[in-house]
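Chain and residue survey
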Amino acid sequence: MAERTLVLIKPDAVRRGLVGEILRRFERRGLAIDAMVQRTMDGRLADAHYAQHLEKPFYPPLKDFMTSGPLVALILAGDEAIEVVRTMVGATDARKAAAGTVRGDLALSNRENLVHASDSPDSARREIGLWFPELA
Ligand code: CMP
């Protein structure tokens, strides 16, 4: 039974030309791309997507970064996709992410960490509803 997760390939990855490299890793793992769109997040969507972080000190610069240019939003599907994708992406702080993960191989920042991935079934449902309401 395929599980779905919401992934954002963030503006730093788009600017650095890493979209193909990141997608390649997910595809080779066997995950299916159920939906994919390139768009620029506006402030309203940023506030909704990161609702649990609104009061955190890192949120204002995070919002500036996430709305700074186009990103690629996708739904990935596969067996235990939520946990599999989180493991492939690596620790939030890319400086501490394990080698072999997307962040551990390709990033060196706690903010500009290339990828967002849903952290639980509830988050996946909520985030798919925000980004792909027609598929929720
Ligand atoms: P993400 O998985 O998208 O979830 C929240 C994001 O906030 C995270 O990736 C980082 O981009 C950013 N973030 C989390 N913690 C910090 C922090 N301490 N400093 C700066 N950015 C952070």
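For the structure itself, consult the block above.
Residues numbered from 1 in each chain as written. Predicted model: local features only at pLDDT ≥ 70, side-chain atom pairs only at ≥ 80, totals over all residues. Heavy atoms only, no water.

What to know about the site of the ligand
Defined as follows: Proximity is defined per residue: if any heavy atom of the residue lies within 4 Å of a molecule or strand, that residue is considered near it. A 3.5 Å cut-off defines polar contacts: any pair of N or O atoms within that distance qualifies, except that in protein one atom must be a possible hydrogen donor and the other a possible acceptor, and neighbouring residues in sequence count only when both atoms are side-chain atoms. A 1.4 Å probe and the Shrake-Rupley method give the accessible areas. Residues count as covered only by the protein chains that appear here. For each structure, a 1 Å grid was placed over the protein atoms alone; sets of points admitting a 1.4 Å probe that cannot get out are labelled cavities, open sets with protein on both sides within 12 Å along at least five of seven lines are labelled pockets, and lining residues have an atom within 4 Å of a point. To qualify as sitting in a cavity or pocket, a molecule needs more than half of its atoms within 2 Å of the grid points. Residue classes follow a fixed rule: Ala, Val, Leu, Ile, Met, Phe, Trp, Tyr, Cys and Pro count as nonpolar, while Asp, Glu, Lys and Arg count as charged, and any other residue, Gly among them, counts as polar.
With respect to spatial proximity, the complete set of residues near the ligand consists of Lys10, Tyr50, His53, Phe58, Leu62, Thr92, Arg103, Asn110, Arg111, Asn113 and His116. Within the side chain of Lys10, an N or O atom sits 2.8 Å from an oxygen atom of the ligand. A distance of 2.9 Å is found between an oxygen atom of the ligand and a backbone nitrogen or oxygen belonging to Arg111. Notes on the ligand: free accessible area 460 Å², of which the protein chains cover 82%. Placement of the ligand is best described as lying within the largest pocket. Residue composition of the shell around the ligand, by class: 3 nonpolar, 5 polar and 3 charged.

Notes on the packing of helix H2 (residues 19-29) against helix H5 (residues 81-89)
Applied cut-off: Structural elements are reduced to axes, namely lines fitted to C-alpha atoms, with helices fitted over the stretch in contact, and the angle between N-to-C directions of any two is expressed from 0 to 180 degrees. Working definition: helices are DSSP H or I runs of at least four residues, strands are E runs of at least two. Numbering for both runs from the N terminus. Note that the term roughly parallel is reserved for angles under 35 degrees, roughly antiparallel for angles over 145, roughly perpendicular for angles of 65 to 115, and oblique for everything else. A crossing counts as left-handed when the near helix is turned anticlockwise from the far one by less than a right angle, and as right-handed when that turn is clockwise. Only heavy atoms matter for contacts: two residues are in contact if any of them lie within 4.5 Å across the pair.
Across the interface, H2 lies against H5 with an axial gap of 12 Å and an inter-helix angle of 135°. As summarised for this structure, H2 and H5 are arranged oblique, according to the angle between their axes. Regarding H2 and H5, the two cross each other, and that crossing is right-handed. Only Val84, Val85, Met88 and Val89 of H5 make contact with H2, whose side of the interface consists of Arg25, Phe26 and Arg29. Of the residues assigned to the contact of H2 with H5, the class counts are 5 nonpolar, no polar and 2 charged.

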